[in-house]
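Chains, contacts and geometry: an overview
Each chain is listed here by its residues.
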Amino acid sequence: MTGAALIRWTARTAACAALCLSASCGDVLGSLGFARPELSRLSISDSFARLVQGGLLYVDGFPVDTSFRLDRRDRVLVELVTSAGDRETLNLFRAKCPPRARGPYYECFQYSMMMRGGSTAQDVAPLVQAAGDRFTYVSESGALANVTVFDAGATIPHAQAARIWPGVSLVLLSQTAWPAEAPPPSDRRGWLRAPMRVDSGAVRLADGVLQVRSGDTIRARYTQPSGSVLTSPPAIVP
Amino acid sequence: MCVVPLAHPATASGQACVDPNAVRAGGSVGISVARYSYATAFSVSAAIGSRWRGSVSVGTTRDRDLRVSATTLGADLLRVVQLGGTGRFQLCPQLGFAAEFGPRYELLTPDDDVRKTAWSAGLQGRLALHRTTAIHLSITGSYRVWRMTSRYDHLGVRLREVTDTYSTLRAGVSITYRRWLTLTPEIGTTQGLIPPDRGQDEAAPFGHESGETSLSLSLAIALGKRVAAH
């Protein structure tokens, strides 16, 4: 190999390496895909369901293989159906973020906020709505609130933005919300979850929002690798 | 003179063990970027010496998910041992120290601080494949064992202190142009970290997952006068 050829090779190597070392390399090399692990259970969380106008629900999936870890670029596709005929698809992701083996964890789809004295969560409700998020929970006094972010990748940016909202005292990523049906701690890394917006009113198919009315039943469905369909116990709209 | 070894595995370039015929005498400065599965590390460094070489480095490791950073300081000392008399092969025993400060998770544990220190010992090797006046091409490899102590504080009160041992293995290619500019792409892996699902980072370098393969790229500029080829 001549010196000039080596220089050209070096330049090409450097350019390729610089591309792969850039912050967006992973996103460039890997687009979103779908995984299909065998699930032992599928449920609509009782702890995070507000089946009202402007509400939401969470769907949880529990892989049979407790060592299963969903890749950060993958999702698990489930379907939500209501007795009134609405039908929406939902991409389950990890319940706990960030997607890695060690380090501090937080709820992928939630953050918490504490308000200053004299302010309540309702004061920032228009800002929450403008961000495309919804309240998961608001304390009776309005001093504390949990906010659901429907895109796991947006949870940190939205939480950071909320820190400077008027009346907001403290914003933290949620670390403690484990519903009663949670698996033991060693198995939680494989836990799958995603939130879905809920509104009242007439059914609109596949619009990304589940429309419900009082008395409706909601079920989640998942097609197992074997082709069989796993169905969640029903959630009943009060 | 050598290009710079960076003390911490997050930024270690593994390029310290250079062929003295390939670079100038005096010192060098360098920059390095390394990409891990969820973090990116940048560092700058400076080195001085010939057969015995010392270097210092400062860098930052950025968590792309959590958007937090840790700062790393490092120091290294190594000895270049020529083998075979032809200058084609060098072995370099190496000692290092690194300190890592942070990150501070403002959205998770805003009142907690973490500080890590690590001593290391290892061996680097370099084999020259192609040598001309303009270009020196070599393959490189290194293995280092690290003994790290992590200290976790909450509002100034020590929560816990953990010490553990892990190792880093790196291999790459080094291209030196006219004895002053050296480019080193490398791959590396970290082994033996405390198993996951035990809570915090513990005694693990920030940004690393055990067993993951990382990619790094280092660029160094040698300073000083040209030395005669052996």
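Residues numbered from 1 in each chain as written. Chains lettered and ligands numbered in written order. Predicted model: local features only at pLDDT ≥ 70, side-chain atom pairs only at ≥ 80, totals over all residues. Heavy atoms only, no water.

Taken as a whole and assessed by the stated rule, the structure comprises three aromatic pairs over all chains. When the centroid spacing of 4.7 Å and the interplanar angle of 55° are considered together, the rings of phenylalanine 97 of chain B and tryptophan 119 of chain B count as tilted. Residue phenylalanine 97 of chain B is located in strand E6 (residues 89–101), and its partner tryptophan 119 of chain B is located in strand E7 (residues 112–131); the two are separated by 22 residues in the primary sequence. Over the face of the ring belonging to phenylalanine 93 of chain A we find arginine 75 of chain A, whose NZ or CZ atom lies 4.2 Å from the ring centre. Cation over ring: arginine 197 of chain A sits above phenylalanine 150 of chain A, and NZ or CZ is 4.0 Å from the ring centre. (Phe/Tyr/Trp six-rings, centres within 6.5 Å; stacked < 30°, edge-to-face > 60°. Helix = DSSP H or I, 4+ residues; strand = E, 2+ residues; numbered from the N terminus. Lys NZ or Arg CZ within 6 Å of the ring centre and 35° of its normal.)

What follows deals with the domain arrangement of chain A. All names here are of chain A. With domains assigned, chain A is organised as domain 1 (3–28 + 104–173) and domain 2 (33–95 + 184–219 + 230–236). At the interface, 15 residues of domain 1 touch 18 residues of domain 2. Counting the surface lost from both domain 1 and domain 2, the interface buries some 1400 Å², and carbon and sulfur atoms represent 54% of this. Counting the surface domain 1 buries against domain 2, the share from its top three residues, Phe109, Arg134 and Phe150, is 44%. Linking domain 1 to domain 2 there are two salt bridges. Linking domain 1 with domain 2 are nine residue pairs in polar contact (both at pLDDT 80 or more). Within the residue set of the side of domain 1 that touches domain 2, elements represented by two or more residues are strand E7 (106–107) and strand E9 (134–138). Counting residues per element, the side of domain 1 that touches domain 2 draws most heavily on E9, at three residues. (Domains from an automatic or database assignment. Contact = heavy atoms within 4.5 Å. Buried area = accessible area lost by both parts, 1.4 Å probe. Salt bridge = Lys/Arg side-chain N within 4 Å of Asp/Glu carboxyl O. Polar contact = N/O pair within 3.5 Å; in protein donor to acceptor, adjacent residues only side chain to side chain.)

All right, on to the state of the cysteines then. All names here are of chain A. Tallied over the full model, the rule gives one disulfide over all chains. Between the sulfur of cysteine 97 and that of cysteine 108 lies a disulfide, 2.0 Å long from S to S. Across the S-S bond of cysteine 97 and cysteine 108 the torsion is about 105°, and the bridge reads as right-handed. On the criterion of sequence distance, the pair formed by cysteine 97 in strand E6 (residues 96–97) and cysteine 108 in the loop between E7 and strand E8 (110–115) is long-range, its members being 11 residues apart. Overall, cysteine 108 belongs to the buried group, its relative accessible area being 0%. (Disulfide = S-S within 2.5 Å. Buried < 20%, exposed > 50% of the residue type's maximum accessible area, 1.4 Å probe, protein only.)

A grouping of Ile31, Val44, Val58, Leu73, Phe101 and Leu219 of chain B is seen on the molecular surface, where their side chains present a nonpolar patch of about 470 Å² in accessible area. Within the secondary structure, leucine 219 of chain B is located in strand E11 (residues 213–223). (Patch = residues over 30% accessible without salt bridge, like charges linked within 9 Å, V, L, I, M, F, W, Y side chains within 5 Å. Areas by Shrake-Rupley, 256 points an atom, 1.4 Å probe, with all protein chains shown as cover.)

To continue, consider the pairing of strand E1 (residues 27–35) of chain B. Consecutive side chains along a regular strand alternate between the two faces of the sheet. Residues and elements named next belong to chain B. Of all nine residues making up E1, seven are buried, and the element is well covered by its neighbours. Of the pairings in the sheet, the one linking E1 to strand E2 (residues 39–49) comprises nine bridges and is antiparallel in character. If you follow valine 33 over to E2, its bridge partner there is phenylalanine 42. Here E1 folds back onto E2 in antiparallel fashion, the turn holding three residues. (Pairing = 2+ DSSP bridges.)

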